[in-house]
Amino acid sequence: MATGVLQRVSGGLGRAKSRAHSAGQFVVWSRGFATSGSRNRQDSWFKSLFVRKVDPRKDAHSNLLTKNEESNLYKIQFHNVKPECLDSYNKLCEDVLPSIHADKYYPCELVGTWNTWYGEQDQAVHLWRYRGGYPALTEVMNKLRQNKEFTEYRKERGKMLLSRRNQLLLEFSFWNEPVPREGPNIYELRSYQLRPGTMIEWGNYWARAIGYRQHNREAVGGFFSQIGNLYMVHHLWAYKDLQSREDTRNGAWQQEGWDEVVYYTVPLIQHMDSRIMIPTKASPLQ
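Residues numbered from 1 in each chain as written. Predicted model: local features only at pLDDT ≥ 70, side-chain atom pairs only at ≥ 80, totals over all residues. Heavy atoms only, no water.

**Q** Even after reading the chapter, I still don't get the side chain of S283, so can you show me in this structure?
**A** By the element assignment, S283 lies in the segment after β10 (269–279). Polar side-chain contacts of S283 include one of 2.8 Å to the backbone oxygen of L285. (Helix = DSSP H or I, 4+ residues; strand = E, 2+ residues; numbered from the N terminus. Polar contact = N/O pair within 3.5 Å; in protein donor to acceptor, adjacent residues only side chain to side chain.)

So, in structure tokens, the structure goes:
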């Protein structure tokens, strides 16, 4: 996939080069940088690669990037399960998690629950939403401590796990809010570790880019971390199958502007990871 991205980015640069020629401007491409007869043009193009085009703001990134009229907080959990226990683990979750989701006593919702198909094997991923932000999260935690069924669930679950980790997330303002959907679908969770200080720049580009990825209803949700691994972004996508994923992603490259978004966002990434996930029976996202 990385080779395909590099080829497409190179193609985007090639198209930019051709447009420059057609305008009567001679461009020499050397070591990935454009030079021309005009020093001013060179400086402008060079600076565009490294200077963030973001207005100075005296506010937290979370306030600039989220839906301010809402206060949803998300928790994503990654549970690495003993291979021989995965079926029992899924059954245990199916017996307990939907009851918490359905009980209005708890101000939280189970957005989705999956097993990783491609990526880390024998892994379960759960995504929760807390309407009301941190106070709702605290309320749920306090109430669950008094829930004997949940206490027993955690005890049994602990016998089946190799490791677990979680993150608290906020949702990008320009993404859809995840809502239940009918299946069957496969889901892709693409996770990006960004360079510190680049979150607003990422948001600026993806606020435009998301428009290229809505045609097949594949966009499910976009989030960025608040606690846990910081400067982490998660994009959640839904497809009918792997071939549909391939066709949809290839189709984005046919749209004017997508290559530019990829070209300018790739340098912001330190590390990226992709999981293909299958929803469990308990998942509202099927």
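The rest of the description comes next.
**Q** Looking at this structure, I do not really get the pattern of salt bridges. What am I missing?
**A** Pairing between side chains of opposite charge can happen when the charged atoms of each approach one another. Enumeration according to the criterion identifies twelve salt bridges in this entry. Between R190 and E188 there is a salt bridge, with the nearest N and O atoms lying 2.9 Å from each other. This pair shows no difference in class: R190 is buried, exactly as E188 is. Residues participating in the shared-partner salt-bridge network are E109, R129, R131 and E177. (Salt bridge = Lys/Arg side-chain N within 4 Å of Asp/Glu carboxyl O. Buried < 20%, exposed > 50% of the residue type's maximum accessible area, 1.4 Å probe, protein only.)

**Q** Help me out: how do you make sense of the environment of N90 in this one?
**A** Mapped onto the fold, N90 is located in helix α4 (residues 86–102). Judged by relative accessible area, which is 12%, N90 ranks as buried. N90 sits 34 residues away from A124 along the chain, and the two C-alpha atoms are 8.4 Å apart.

**Q** It is not clear to me how the nonpolar core should be interpreted in this structure. Could you clarify?
**A** Most often, soluble globular proteins have nonpolar side chains that are buried together. Counting residues in hydrophobic clusters, the biggest one holds 52 residues, and the most contacted among them are F172 and W202. Looking at this core, the element that brings in the most residues is α4, giving seven residues. (Core = buried A, V, L, I, M, F, W, Y, C linked by side-chain atoms within 4.5 Å.)

**Q** Help me understand unusual backbone geometry, please; the structure alone is not making it clear to me.
**A** Across residues other than glycine, the phi torsion is negative in most instances, and most of the peptide bonds are trans. With omega at 5 degrees, the peptide bond leading from G183 into P184 counts as cis. Residue position: P184 is located in the loop between β6 (161–171) and β7 (186–194). In this model, D122 sits at a positive phi of 55 degrees, which is unusual for a non-glycine residue. The partly exposed category is assigned to D122, whose relative accessible area is 25%. Unlike most non-glycine residues, Y231 shows phi in positive territory, near 55 degrees. The residue Y231 is located in the loop between β8 (219–227) and β9 (232–239) in this model.

**Q** Whenever I open this one, the packing of aromatic side chains confuses me. Can you help?
**A** Between two aromatic rings, the relevant description is the distance of the centres plus the angle of the planes. In this structure the tally under the stated criterion is 17 aromatic pairs. A centroid spacing of 6.5 Å and a plane angle of 85 degrees characterise the contact between W253 and W258, whose relative ring orientation is edge-to-face. As far as the burial class goes, W253 and W258 line up, both buried. On the numbers, 5.2 Å between centres and 70 degrees between planes, the contact of Y263 with Y264 is edge-to-face. One aromatic cluster is present, built from ring pairs that chain together W175, Y192, W202, W206, Y212, W237, W253 and W258. The residue whose ring lies beneath K143 is Y105, and the NZ or CZ to ring-centre distance is 3.8 Å. When the ring centre of W237 is taken as origin, the NZ or CZ atom of R213, which lies over that ring, is 4.1 Å away. (Phe/Tyr/Trp six-rings, centres within 6.5 Å; stacked < 30°, edge-to-face > 60°. Lys NZ or Arg CZ within 6 Å of the ring centre and 35° of its normal.)

**Q** Help me understand empty space enclosed by the protein in this model?
**A** Enumeration according to the criterion identifies one cavity of 30 Å³ or more in this entry. Looking at the largest cavity, its volume works out to about 40 Å³. Every residue along the wall of the largest cavity is listed here: I76, W114, L127, L189, F223, H234, L236 and M277. Of the residues belonging to the lining of the largest cavity, the class tally is seven nonpolar, one polar and no charged. (1 Å grid on protein atoms, 1.4 Å probe; cavity = no way out; pocket = protein on both sides within 12 Å on 5 of 7 lines; lining within 4 Å. Points joined across faces, edges and corners; volume = space filled by probe spheres on them. Nonpolar A, V, L, I, M, F, W, Y, C, P; charged D, E, K, R; others polar.)

**Q** Mind showing me how you'd approach helix α8 (residues 242–252) here?
**A** Working note: α-helix, 3.6 residues per turn, so residues spaced by three or four point in the same direction. Every buried residue of α8 is listed here: R245, T248, R249 and A252. Viewed end-on, α8 has its buried residues packed into an arc of 95 degrees, placing them on one side of the element. Buried residues along α8 sit against β7, β9, α9 (258–265) and β10. Here α8 starts with a cap whose side-chain oxygen sits 3.2 Å from the backbone nitrogen of Q243, and that cap is D241. (Arc of directions from axis to C-beta. Contact = heavy atoms within 4.5 Å.)

Shape is all these values report; function is a separate question.
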